[in-house]
Amino acid sequence: MKVLVGVKRVIDYNVRPRVKADGSGVDLANVKMSMNPFDEIAVEEAVRLKEKGVASEIVVVSVGPAKAVDTLRTALAMGADRGILVQTDEPVEPLAVAKLFHAIAQEEAPGLVILGKQAIDDDSNQTGQMLAALWGRGQGTFASAVAIEGDAVTVTREVDGGLETLKLSLPAVVTTDLRLNEPRFASLPNIMKARSKPVATKAPADFGVDITPRLKTLSVAEPAPRKAGVKVESVDALVEKLKELGVA
Amino acid sequence: MIDREEMHYDVVVVGGGPAGLSCAIRLKQFSPDLAVCVLEKGSEIGAHILSGAVVDPRALDELLPDWRDLDCPLAATPVTDNWHWVLGKGKHRALPHAIMPRFMSNEGCYTASLGNLCRWLAAQAEALGVEIFPGFPAAELLYDEAGALRGVRTGDMGLDREGNPRPDFQPGMDLLARYTVLAEGARGHLSKQAIARFDLARDCQPQIYGLGIKELWDIKPENHVPGRVIHTQGWPLSESGSWGGGFLYHQAEGQVALGFVTALDYKNPYVSPYEEFQRWKQHPSIRAIIEGGKRVAYGARVINEGGWQSVPHLAFPGGVLVGCAAGFVNVPRIKGSHTAMKSGMLAAEALAPAVAQDRRGDALEDYETALRSSWIADELKLVQNAQPMVAKFGGGLGTVLAGADMWARSLLGFGIARPMAHHSDAKATGRADLYKPIAYPKPDGVISFDRLTNVAFSATNHDEDEPCHLKLADPAVPVNVNLKLYAGPEARYCPAGVYEFLGEGAETRLQINAQNCVHCKTCDIKDPTGNITWVTPQGGEGPNYPNM
Ligand SMILES: Cc1cc2nc3c(=O)[nH]c(=O)nc-3n(C[C@H](O)[C@H](O)[C@H](O)COP(=O)(O)OP(=O)(O)OC[C@H]3O[C@@H](n4cnc5c(N)ncnc54)[C@H](O)[C@@H]3O)c2cc1C
């Protein structure tokens, strides 16, 4: 079974995003970029499926700038087999990405598509769901466990009230949650090997997909700084304070 | 026994700073077929580089003469305007240029982020076929039976706090080479071992350091003068009789890089280099520039201040020291990046023929000879008394004498004093009972900030569950010696708040918040009894500096 995995190049989770002075977006110049953490989990899950003999080939796909090839190489170093870079410098919205994945899924005919539940830059949490709808396949989102049995996949989902278990027939779309697995560190020899694994570079137009944004960003601003708290000496003072603020 | 993989190279370079990258580039320019790799502990090249920086392009002109046409970030901002201020409380006096030697003028220099210059150098190196491995620290030196260095072992990944393998354990591997280049920068932890093992410091003065703490600010456009560089001396360190100074460089994109260097030979154990920096920003002359702006990044790193007389031997069996791992900083100019680059190039010029002759494991004396007769030597000998003069005679008279000495050397070819001596920074620390605590002002959250808020702006990170990378030789020393005699200086000198004394009386203990560490190396230097050893944590951890 072929597994298709999506990997996005995003601002590193350790970095404090800095809004550009003109409010047009987040400054990414020389900022550390990494693979979206949920996508790392997706790659890890695919590699584990391959190690178990369930998956036969792992194809990783990234939609983004030329630099996103680094992200693909990281996935290849973790154990994916080949990469596809859909190169664009335009901002990409979930619908455009879902359409591109749909086109690639039709070409590649994977048995399973694994995506992160969301990318930590725009936190949309939409791509997997949109892809499943466009493709007409089942979806198991927020997966904390994935098991393939024959031509079905059992997905344990993290939902508000606890855990939900779904059984989907394959092919299907799974999106990963944090607890699904602990991604491995890529070893140096594997990083070397990844440098010679094939990566195909495509343009959105190659798939006949129009990625023109449907949304317009008016402005980006930092959240207002939190006001310092006040310490009260006693319960009475607390009640007093709450009354003053009109909450008690 | 862990089964470790091996890879073989002609040359392994430890450290992707200006020295290591220039060495790798020069090697490939000489012999395109050499197998060369660069190991870098940061998550990417530049992630751990913290500098000013005003860069003298002399070495870059020699390495890549057409750099100005190759989209090099250094080209964006030439130095246009150069000031030297002597700060008093609440006022400043500009030193007239006429009394400064010419080489202090920064004419022909550029101001930029050294981290970005390194990112650019890395791209040049990769284009020449250098293999660069960010996220892989060299954790250990490997020796052959004859005792020569034969390569390095990269750090293990995925060990838990007690040092046991976790499910994601990934053992480090052995990178074996004909020659290993130690380009770790100031106070490299493997360089320190090599210097001790081969007794490389036998003929030189002890190395001494300053701690540089830096912030990057977006400032109001009306306050920004691209290319203006300002250096200060005097206040606030003058109050505690310590030495050091500030810098403020107007760089590209409406940003200023500002920082403060405190010489680590300060005596009063109550001095907090971090608080001195915060206080310095409140000086009306500095405040006026940054007011209304926004701090966008923070970090810290030590800088060598020993000068020429502290340069150790550079070649030993199987390896060489380049850049600040040896220490080629021109102290009065606070510049070490051009000499770091040049030393890497000179090492390459000795390494390439040695590899071509199929040699390995010997000491490349040719490199040391070439370096000691290069322009690095000329430049550093000219200023070698500046720091000791200041240390001996204090910031006022010392600066004047140091200036006079540099004048004499640059004009007349001789100095007024012989090379002067240093004492180690750790030993300089005075007993707490001889000094008074310093009451630093509280941060206002606008111009000055508390330490932990600032640390978040270094984007540093370390795994919660890994062995602590700050090793205590004797766990009783922090409380029994440091706290008792020196009032626990580690709680103050660490610019990242890693060291914290908790509890009271007999319950007092030192907590090490290793996760906050920004890899500046101060604790490895300033601990009064040398009880703390800095080792590399898991690869890719530590700060993630953007344009530092
Ligand atoms: C606050 C401050 C201001 C300065 N201002 C200026 C200035 O204006 N102009 C100027 O020319 N110079 C300036 N300097 C000095 C200059 O930054 C240094 O001289 C220069 O960075 C030295 O280059 P290097 O390559 O030897 O070391 P570094 O720049 O320190 O680079 C060493 C690299 O090696 C990596 N490394 C270390 N150990 C290991 C290991 N074991 N394994 C893998 N990787 C490792 C580090 O992460 C780092 O990336 C300043 C320094 C400071 C601290």
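Residues numbered from 1 in each chain as written. Chains lettered and ligands numbered in written order. Predicted model: local features only at pLDDT ≥ 70, side-chain atom pairs only at ≥ 80, totals over all residues. Heavy atoms only, no water.

Formed by 119 residues in total, the largest nonpolar core has its most connected members in V5 of chain A together with L60, L121, L175 and Y367 of chain B. Excluding residues that lie within four positions of it along the chain, V5 of chain A makes contacts with A42, V43, A46, I58, V59, V60, V61, F101 and I114 of chain A. (Core = buried A, V, L, I, M, F, W, Y, C linked by side-chain atoms within 4.5 Å. Buried < 20%, exposed > 50% of the residue type's maximum accessible area, 1.4 Å probe, protein only. Contact = heavy atoms within 4.5 Å.)

Turning our attention to a nonpolar patch on the surface. Residues V232, L238, L242, L245 and V247 of chain A make up a contiguous nonpolar surface patch of about 430 Å² in total accessible area. Mapping V232 of chain A onto the fold places it in the loop between β11 (199-202) and α6 (235-244). (Patch = residues over 30% accessible without salt bridge, like charges linked within 9 Å, V, L, I, M, F, W, Y side chains within 5 Å. Areas by Shrake-Rupley, 256 points an atom, 1.4 Å probe, with all protein chains shown as cover. Salt bridge = Lys/Arg side-chain N within 4 Å of Asp/Glu carboxyl O. Helix = DSSP H or I, 4+ residues; strand = E, 2+ residues; numbered from the N terminus.)

Quite often, the size of an interface is put as the accessible area lost when its parts meet. Across the boundary between the two partners, chain A contributes 21 residues, which contact 31 residues of chain B. Each partner contributes to the roughly 2,100 Å² buried at the junction of chain A and chain B, and carbon and sulfur atoms together form 58% of this total. Where chain A packs against chain B, one counts two salt bridges. Of the charged contacts, one joins K294 of chain B and E222 of chain A as a salt bridge, the two residues approaching to 3.4 Å between their closest N and O atoms. Across the contact surface, chain A and chain B share seven residue pairs in polar contact (both at pLDDT 80 or more). (Buried area = accessible area lost by both parts, 1.4 Å probe. Polar contact = N/O pair within 3.5 Å; in protein donor to acceptor, adjacent residues only side chain to side chain.)

All names here are of chain B. Taken together, 36 residues form the shell around the ligand, and within it E40, S51, V54, C324 and S337 come nearest. Here V54 contributes a backbone N or O atom positioned 2.7 Å from a nitrogen atom of the ligand. Between the ligand and S337, the relevant distance is 2.6 Å, taken from an oxygen atom to a side-chain nitrogen or oxygen of the residue. Calculation on the ligand without its partners gives an accessible area of 1,000 Å², and the protein chains cover 97% of this total. Within the residue set of the shell around the ligand, elements represented by two or more residues are α1 (18-30), β2 (36-40), β15 (244-250), β17 (294-304) and α7 (337-356). (Near = heavy atom within 4 Å.)

On to the side chain of T175 of chain A, then. Residue and element names in this part refer to chain A. Mapped onto the elements, T175 comes out in strand β10 (residues 172-176). Of the polar contacts made by the side chain of T175, one reaches the backbone nitrogen of F142; its length is 3.0 Å. In this structure T175 touches L115, G116, K117, G128, G140, T141, F142 and A143, once residues within four positions along its chain are discounted.

Attention now moves to helix α5 (residues 273-281) of chain B. Taken across its nine residues, α5 of chain B has eight buried, putting it largely inside the fold. Looking only at α5 of chain B, the buried set comprises P273, Y274, E276, F277, Q278, R279, W280 and K281 of chain B.

All names here are of chain B. Secondary-structure assignment places E379 in helix α9 (residues 375-382). Among the polar contacts made by the side chain of E379, one reaches the side chain of H338 at a distance of 3.0 Å. If sequence neighbours within four positions are ignored, E379 has contacts with N330, R333 and H338.

All names here are of chain B. Counted at 1.5 Å a residue, the expected span for α7 with its 20 residues is 28 Å, and the 29 Å between its end C-alpha atoms agrees. Judged by how many residues are buried, α7 sits mostly within the fold: 17 of 20 residues are covered. D358 sits one or two residues past α7 and shows a positive phi near 65 degrees. (Expected span 1.5 Å × (residues − 1).)

Residues and elements named next belong to chain B. Where α1 contacts α7, the axes come no closer than 7 Å and their chain directions differ by 35 degrees. Here the hand of the crossing between α1 and α7 comes out right-handed. On α7, the residues that touch P18, A19, S22, C23, R26, L27 and F30 of α1 are S337, A340, M341, G344, M345, A347, A348, E349, L351 and A352. By residue class, the composition of the contact of α1 with α7 is 12 nonpolar, three polar and two charged. (Axes fitted to C-alpha atoms, helices over the stretch in contact; angles between N-to-C directions. Left-handed = near helix turned anticlockwise from the far one by under 90°. Nonpolar A, V, L, I, M, F, W, Y, C, P; charged D, E, K, R; others polar.)

All names here are of chain B. Spatial ordering of the open sheet is given by β5-β4-β14-β15-β16-β13-β17, a layout of seven strands whose pairing is mixed. Each edge of the open sheet is held by one strand with a lone partner, namely β5 (91-94) and β17. Going across the sheet, the axis of each strand differs from the next one's by a mean of 20 degrees, ignoring polarity. As paired elements, strand β4 (residues 81-88) and β5 share four bridges and run antiparallel to each other. Counted as the bridge partner of L87 is H92 from β5. (Pairing = 2+ DSSP bridges.)

Next up on the list: the pattern of salt bridges. All names here are of chain A. Counted under the stated rule, the structure contains 42 salt bridges over all chains. Residues D27 and R18 are paired through a salt bridge, measuring 2.4 Å at the closest nitrogen-oxygen approach. Take D27: its relative accessible area is 16%, and that puts it in the buried class. D70 serves as the salt-bridge partner of K67, at 4.0 Å between the closest nitrogen and oxygen. On the accessibility criterion, D70 (41% relative accessible area) is partly exposed. Members of the salt-bridge network, linked through shared partners, are K2, E57, R82 and E108.

Throughout the structure, instances matching the rule amount to eight aromatic pairs over all chains. Note on F260 of chain B and W280 of chain B: the rings are 5.7 Å apart at their centroids and 50 degrees apart in plane angle, and the pair reads as tilted. Taken together, the residues span a long stretch of sequence, with F260 of chain B in strand β16 (residues 255-263) and W280 of chain B in helix α5 at a distance of 20 residues. A relative accessible area of 0% places W280 of chain B in the buried class. Put simply, the rings of Y143, F198 and F316 of chain B pair up and form one aromatic cluster. Directly above the ring of F457 of chain B sits R16 of chain A, whose terminal nitrogen or CZ lies 4.0 Å from the centroid. The ring of F449 of chain B is capped by R295 of chain B, whose NZ or CZ atom sits 3.7 Å from the centre of that ring. (Phe/Tyr/Trp six-rings, centres within 6.5 Å; stacked < 30°, edge-to-face > 60°. Lys NZ or Arg CZ within 6 Å of the ring centre and 35° of its normal.)

Any functional reading would require information beyond the geometric quantities listed.
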